[in-house]
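Coordinate inspection notes
Below, each chain spelled out in residue letters.
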Amino acid sequence: MVLTVEGLKKSFGAISALSDGRLSLMPGRVTALIGENGAGKSTLVKILTGIYQPDAGSLRLDGVERVFAAPQVAQAAGISAVHQETVMFDDLSVAENICAGHWPCHTRGWRKGMIDWTALLAQAQAVLDRLGVSLPLQARCGDLSIAQKHLVEMARALCHESRVLIMDEPTAALSHREIADLYRLVRHLKTQGIAILFISHKFDEIFEIADDYVVMRDGAFVAEGQIADTTTDALVAMMVGRAMGAIFPKRSVPIGAPILEVRGLSHPTEFEDVSFTVHAGEILGFYGLVGAGRSEVMQALFGLTPVSGGEISLDGQTLRVNSPKDAIAAGIAYVPEDRQGQGAILPMSIRDNITLPLLERITGGWLLSPKNEGAIAETFARRLAVKAPDWHCRVDTLSGGNQQKVVIGKWLATTPRVIILDEPTKGIDVGSKAKVHDFMSDLVAEGLAVILVSSELPEVMGMADRIVVMQEGRPYGSFERADFATNPAQGAAMLARAATGG
Ligand SMILES: Nc1ncnc2c1ncn2[C@@H]1O[C@H](COP(=O)(O)OP(=O)(O)OP(=O)(O)O)[C@@H](O)[C@H]1O
Ligand SMILES: [Mg+2]
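Residues numbered from 1 in each chain as written. Chains lettered and ligands numbered in written order. Predicted model: local features only at pLDDT ≥ 70, side-chain atom pairs only at ≥ 80, totals over all residues. Heavy atoms only, no water.

Per-residue pLDDT for the chain averages 87, and the proportion of residues at 70 or more is 93%. Taken element by element, the chain is modelled with least confidence in helix α13 (residues 359-363), mean pLDDT 55, and with most confidence in strand β3 (residues 30-34), mean pLDDT 97. (pLDDT = per-residue confidence, 0-100. Helix = DSSP H or I, 4+ residues; strand = E, 2+ residues; numbered from the N terminus.)

Pasting the structure below:
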């Protein structure tokens with residue numbers, strides 16, 4: 001046993017985030033920590049890494065009772081972490097971020113004490129080599145994609161001589177290939193005797209990479225065991241405290257008239273000649289690898305990215321979208337993939353976040369009615385199962401998955417004609433995921449058109465009426481539900497081939 005914690009407690013004011021945190025990590029083994037959104041996983045991680053101090057409980061490293069009074073202390077003891085929320089200095093370079101806190105300095109000569117840039121670059125490169133990934137070392141971190149930012153975080157965690165590596169939903173923003181690289185890396189670290197704690201909501205990953213599991217529910221330890229002795233159903237039942245029904249509640253809804261039509265949409269660098277139509281009552285899936293250009297197309301539809309050509313029309317009328325304001329006015333809503341960066345306003349309350357895009361409607365252009373606002377926020381927060389003490393609490397005090405639900409609620413509340421959901425269930429637990437899908441079915445039943453961008457094949461196959469597969473900025477093909485849903489195994493293989501160009 002490298003690291004053992006018992007009876008960990010942590011409260012924030014009246015809110016108990018953790019009431020009985022319990023965990024043991026062994027060298028050379030991967031332990032999966034699983035639990036619903038808000039179960040206390042990230043809080044436990046923050047205690048292990050010295051970011052939070054527990055109110056009670058014990059932490060032993062190699063059998064010796066320890067207190068990690070600050071993150072540096074935990075790090076010096078060999079505990080590294082890749083956190084759920086990327087913590088990055090956007091204005092610094094990739095190399096500077098990777099070696100943050102240990103920039104090498106010249107030790108002699110007139111530059112003594114100054115940063116040794118050559119050594120810094122070499123050090124960062126060495127870590128990337130160990131990871132087996134390539135990144136532009138001198139690029140500004142703020143300009144990287146989310147996936148690349150995660151790799152920088154991972155590299156930073158490995159910059160230290162770690163004995164324990166904690167990964168809080170590390171694959172949430174990675175492509176299939178990057179995930180495969182991550183698995184390779186994890187296996188390699190195992191052979192070096194590193195103990196790994198892996199947090200994920202994806203069961204296929206847990207079964208692929210973990211040796212042991214620990215289940216948490218409502219801030220407390222529920223069960224532990226070996227992955228080889230359990231099943232997904234058993235784990236889900238322990239997580240939610242009951243058995244779960246169907247994961248994708250696809251309902252059949254009559255498909256109506258075309259709402260949004262896109263013809264030959266092009267961007268100077270990101271995508272080319274994209275055409276598709278979405279009808280009332282239809283869920284149109286967009287599948288592809290990370291980097292295939294799906295998000296960029298959606299950002300263009302929402303007026304966030306200028307296009308170099310093509311036409312967008314809504315209800316047969318040509319539409320000019322030069323800004324999100326135009327898109328919202330036309331009835332297009334967009335729930336971005338990067339909900340931290342583009343989605344929620346963290347220091348504001350749940351209520352204010354959800355009602356923000358609707359202010360004009362609620363006030364009738366006049367006075368704010370807090371009662372009205374509260375009612376709207378409550379409806380959406382409930383339908384998405386946001387776990388929070390009340391609708392007045394700040395979004396930054398919610399767990400990662402619950403923050404995501406607030407952003408989805410915020411855009412759904414605008415009652416658009418077309419709603420674009422970019423990876424809507426990333427970071428969302430199984431139970432809440434079914435709620436989000438159910439909500440999507442409600443929306444189309446009300447006559448909305450939904451565009452679902454997802455890298456998760458079971459999700460697009462489960463929910464979409466039609467799937468557009470994109471590959472390197474171009475639509476590779478479009479598939480009807482009958483083509484992929486009749487024989488799911490064949491359908492999945494067909495879509496995966498289309499996405500990779502096979
Ligand atoms: N700083 C804080 N102030 C108040 N409450 C907090 C704070 N941090 C966490 N909480 C609460 O503690 C609970 C546990 O949150 P935590 O982030 O540990 O959940 P999690 O298991 O990581 O969930 P997810 O899967 O959504 O990431 C949540 O109910 C959350 O609202
Ligand atoms: Mg979390």
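Here the narrative resumes.
The subject of this paragraph is the packing of helix α5 (residues 146-158) against helix α6 (residues 176-191). α6 packs onto α5 with a crossing angle of 10° between their chain directions and a minimal axis gap of 12 Å. One element, α5, and the other, α6, form an angle in the roughly parallel class. Contacts from Ala147, Leu151, Met154 and Leu158 of α5 reach α6 at Glu178, Leu182, Leu185 and Leu189. Within the contact of α5 with α6, the residues separate by chemical class into seven nonpolar, no polar and one charged. (Axes fitted to C-alpha atoms, helices over the stretch in contact; angles between N-to-C directions. Parallel < 35°, antiparallel > 145°, perpendicular 65-115°, else oblique. Contact = heavy atoms within 4.5 Å. Nonpolar A, V, L, I, M, F, W, Y, C, P; charged D, E, K, R; others polar.)

Glancing now at the site of ligand 1. In the neighbourhood of ligand 1, 19 residues make up the surrounding shell, with Gly38, Lys41, Thr43, Ser399 and Gly401 lying closest. Residue glycine 38 places a main-chain N or O atom 2.8 Å away from an oxygen atom belonging to ligand 1. Within the contact set of ligand 1, an oxygen atom lies 2.7 Å away from a backbone nitrogen or oxygen of glycine 401. At the level of secondary structure, the elements contributing two or more residues to the shell around ligand 1 comprise α1 (41-48) and α15 (400-412). For the shell around ligand 1, the per-class residue count stands at five nonpolar, eleven polar and three charged. A domain-level breakdown of the shell around ligand 1 finds at least three residues from each of domain 1 (3-240) and domain 3 (347-413). (Near = heavy atom within 4 Å. Polar contact = N/O pair within 3.5 Å; in protein donor to acceptor, adjacent residues only side chain to side chain. Domains from an automatic or database assignment.)

Another point: the nonpolar core. By size, the foremost hydrophobic cluster in this structure holds 79 residues, and its most contacted members are Leu260, Phe276, Leu301, Ile419 and Ile451. Membership of the second largest hydrophobic core comes to 51 residues, among which are Leu120, Val152, Val215 and Val430. (Core = buried A, V, L, I, M, F, W, Y, C linked by side-chain atoms within 4.5 Å. Buried < 20%, exposed > 50% of the residue type's maximum accessible area, 1.4 Å probe, protein only.)

Bringing the pattern of salt bridges into the picture now. A full pass over the atoms with the stated rule returns 23 salt bridges. Taking the shortest distance from any N to any O, the salt bridge between aspartate 438 and arginine 251 comes out at 2.9 Å. Here the residue aspartate 438 occupies a position in helix α16 (residues 430-445), and arginine 251 occupies one in the loop between α8 (232-240) and β11 (258-266), the gap between them amounting to 187 residues. Owing to a relative accessible area of 31%, aspartate 438 belongs among the partly exposed residues under this scheme. Between arginine 251 and aspartate 442 there is a salt bridge; the shortest N-O distance is 2.8 Å. Within this pair, whereas arginine 251 is found in the loop between α8 and β11, its partner aspartate 442 is found in helix α16, the two being separated by 191 residues in sequence. (Salt bridge = Lys/Arg side-chain N within 4 Å of Asp/Glu carboxyl O.)

Let's shift gears to the pairing of strand β2 (residues 15-25). With seven bridges joining them, strand β1 (residues 3-12) and β2 adopt antiparallel strand pairing. Across the sheet, residue leucine 8 finds its bridge partner in β2, namely glycine 21. Where β1 hands over to β2, the hairpin turn is made up of two residues, of which glycine 13 adopts a positive phi near 60°. (Pairing = 2+ DSSP bridges.)

A word on the domain arrangement of the chain. Interfaces are often sized by the accessible area lost when the parts come together. As assigned here, the chain comprises domain 1 (3-240), domain 2 (245-331 + 416-502) and domain 3 (347-413). Domain 1 and domain 2 are separated by 33 Å when their C-alpha centres are compared. Of the residues lining the interface, eleven residues belong to domain 1; the matching set on domain 2 comes to ten residues. Contact between domain 1 and domain 2 buries roughly 930 Å² in total, counting both sides, with carbon and sulfur atoms accounting for 61%. The tally of links between domain 1 and domain 2 comes to zero salt bridges. In this assembly, domain 1 and domain 2 are joined by two residue pairs in polar contact (both at pLDDT 80 or more). Partitioned by chemical class, the residues of the side of domain 1 that touches domain 2 number five nonpolar, four polar and two charged. (Buried area = accessible area lost by both parts, 1.4 Å probe.)

Taken in spatial order, the six strands of this open sheet run β16-β17-β18-β13-β19-β20, and their pairing is mixed. Whereas interior strands pair on both sides, the edge strands pair on one side only; in this sheet they are β16 (332-335) and β20 (474-480). For this sheet, the mean angle separating the axes of adjacent strands, direction not counted, is 20°. Sheet analysis places strand β13 (residues 283-287) next to strand β18 (residues 449-453), joined by four bridges and oriented parallel. Note that in β18 the partner of leucine 284 across the bridge is isoleucine 451. Sheet strands touched by α15: β16 and β17 (418-422). Its angle to β16, the strand with the most contacts, is close to 180°. Against the sheet, helix α19 (residues 488-500) makes contact with β13, β19 (466-471) and β20, and its axis sits at roughly 30° relative to β19, the strand it touches most.

A separate point is the packing of aromatic side chains. Tallied over the entire structure, the rule returns five aromatic pairs. Seen in terms of ring centroids, phenylalanine 302 and tyrosine 334 are 5.5 Å apart; in terms of plane orientation they differ by 45°. Their pairing is tilted. Taken as a pair, phenylalanine 302 in the loop between α9 (294-301) and β14 (309-314) and tyrosine 334 in strand β16 lie far apart in primary sequence, 32 residues in all. With relative accessibility at 2%, the residue tyrosine 334 sits in the buried group. The rings of Phe302, Tyr334 and Trp411 are connected pair by pair, giving a single aromatic cluster. (Phe/Tyr/Trp six-rings, centres within 6.5 Å; stacked < 30°, edge-to-face > 60°.)

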